[in-house]
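Secondary and tertiary structure notes
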Amino acid sequence: MALDFDEGNDLRALRASVAALGARYGQEYYLRQARSGGRTDALWAEAGAAGFLGVNLPEEHGGGGHGLVELSLVLEELGAAGCPLLMMVVSPAICGTVIARYGSPGQRERWLPGLADGSLTMAFAITEPDAGSNSHRIGTVARRDGDGWLLTGRKVWISGVDQAGAVLVVGRLADGPPGTLRPALFVVPTEAPGLTAHPIPMEIVSPERQFTLFLDDVRLPADALVGHPDQGIAQLFTGLNPERVMVAAYALGVARLALDKATSYARERQVWGTPIGAHQGLAHPLAACRVEIELARLMTQKAAWLVDTGGDAGSAANSAKYAAAEAAARTVDQAIQTHGGNGLSQEYGVAALLAMSRVSRIAPVSREMILSFVAQHDLRLPRSY
Ligand SMILES: Cc1cc2nc3c(=O)[nH]c(=O)nc-3n(C[C@H](O)[C@H](O)[C@H](O)COP(=O)(O)OP(=O)(O)OC[C@H]3O[C@@H](n4cnc5c(N)ncnc54)[C@H](O)[C@@H]3O)c2cc1C
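Quick summary incoming for the structure in this document. What you see is a predicted model; the values in this text were computed from it and never measured. (Residues numbered from 1 in each chain as written. Predicted model: local features only at pLDDT ≥ 70, side-chain atom pairs only at ≥ 80, totals over all residues.)

**A closer look at the site of the ligand**
The condition that has to hold: Working rule for contacts: place C-beta from the backbone, and if it is within 6 Å of a molecule or strand, that residue counts as near it. Asp, Glu, Lys and Arg are counted as charged, while Ala, Val, Leu, Ile, Met, Phe, Trp, Tyr, Cys and Pro are counted as nonpolar; the rest, among them Gly, fall into the polar class. By convention here, the domain bounds are inherited from an automatic or database domain assignment.
Inspection of the region around the ligand gives 22 residues, with Gly132, Ser133, Ser366, Glu368 and Tyr385 positioned closest. In the shell around the ligand, the residues fall into 14 nonpolar, 7 polar and 1 charged. When residues of the shell around the ligand are sorted by domain, at least three fall in each of domain 2 (124–227) and domain 3 (237–378).

**Comments concerning helix α2 (residues 41–49)**
The following threshold applies: Exposure classes come from backbone-placed C-beta atoms, where a residue is buried if 20 or more other C-beta atoms lie within 10 Å of its own, exposed if 12 or fewer do, and partly exposed in between. Helical segments are the DSSP runs of H or I of at least four residues, strand segments are the runs of E of at least two, and each set is numbered from the N terminus. Picture the helix axis, draw a direction to every C-beta atom, and the arc is the one those directions span.
By the burial criterion, the buried members of α2 are Leu43, Trp44, Ala47 and Gly48. Seen along its axis, α2 keeps its buried residues to an arc of 135°; they face one direction. Opposite the buried face of α2, by more than 90 degrees, sit the exposed residues Ala42 and Ala49. At the exit of α2 stands Gly51, carrying a positive phi of roughly 90°.

**A few points about unusual backbone geometry**
Note: most residues except glycine have negative phi, and most peptide bonds are trans. In this structure, Pro364 follows Ala363 across a cis peptide bond, with omega equal to -5°. Structurally, the position occupied by Pro364 is in the loop between α9 (354–362) and α10 (367–378). Non-glycine residue Trp157 carries a positive phi angle of around 65°. Within the secondary structure layout, Trp157 lies in strand β3 (residues 148–159). Of note, the phi angle at Asp217 is positive, near 50°, even though the residue is not glycine. Relative to the helices and strands, Asp217 is located in strand β7 (residues 210–220).

This is how it looks when you write it as structure tokens:
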């Protein structure tokens, strides 16, 4: 009998410890930091010291030696407690995974211990203004410069550059045949001359901010290149499936928080002599949200398990991200409706989840691009773009 839907005592204990940490900070802390221009460094440091941020990284480099099942659970629980740490999607999940798998011994020693204990945060930069969802069009170019590299280009929507000690930048190698993309991954320290970052004003209530990055002939040593230049696409996808699973976990945390707020409110608020939750017009949509969250959670766990066991995770990771994002968008919308006017107040912290719940429909791969993937790969329909 191979199927087992019981998480087991170890994962239950991990959930409980992370939930307890998240509860000590809570949504109030998260929103206060966001609205005052502050950061979540204190929570990040505590989560790192407790081993939560590096739970997926190799033990020999200070990590927990576990996998994405555990890391995604950490993010989900922090989100459900009101503190969805977006940089967990990027730093340990994308950058940590890629460097652990493809980094040289020197690169692993240099970067992984900091990523594991949270003392170093690494951002990830693939998106460009002119390429958008079509990453094949990225124009950031890496040219050979003696033993090293010169990197030139522009990136947009890059999260957490202000928190980061380095950025894992996806560029294209200049010496490839014209018209073909040879992606390559470079670790660029944020203080490297030629690298500048400008914050983008956003409507998302989050202490983790987005930036435009300019790379103007950034000079890098030979060992800034991670992995083999001829295997860039495979190396990239080693990080992109975990990214999708982590965004699903981020969305699940937001959805659970919204549902929790909505049901608490619906149990107590009375306007016709009974709690408003007694009206099916409110109870049924909330029950439907609960069903959607549970389904998305199952798919997220399956996708994380496929990544950890070396299976083909592409379809499951995309499906999990899609399902969790839809569940989050619908649940936050219903939570606002359930709260009536209070749903739009700052006091109840529900409207604050609105833009956040939409992030997962857009990034890192949009709802439409996921549906195109499923249509083409799972349904074998013609490629549509
Ligand atoms: C909060 C936030 C944080 C982010 N953090 C990072 C980060 O840290 N690093 C990073 O590299 N990127 C990051 N991103 C970028 C994110 O991955 C992109 O926004 C996303 O890939 C979509 O690209 P785009 O915004 O250029 O939209 P576009 O590609 O311009 O798409 C616009 C719309 O057109 C639709 N569309 C495009 N092509 C098709 C098609 N063929 N068929 C149907 N519909 C289509 C899309 O689905 C979307 O609805 C972040 C974005 C956000 C919002």
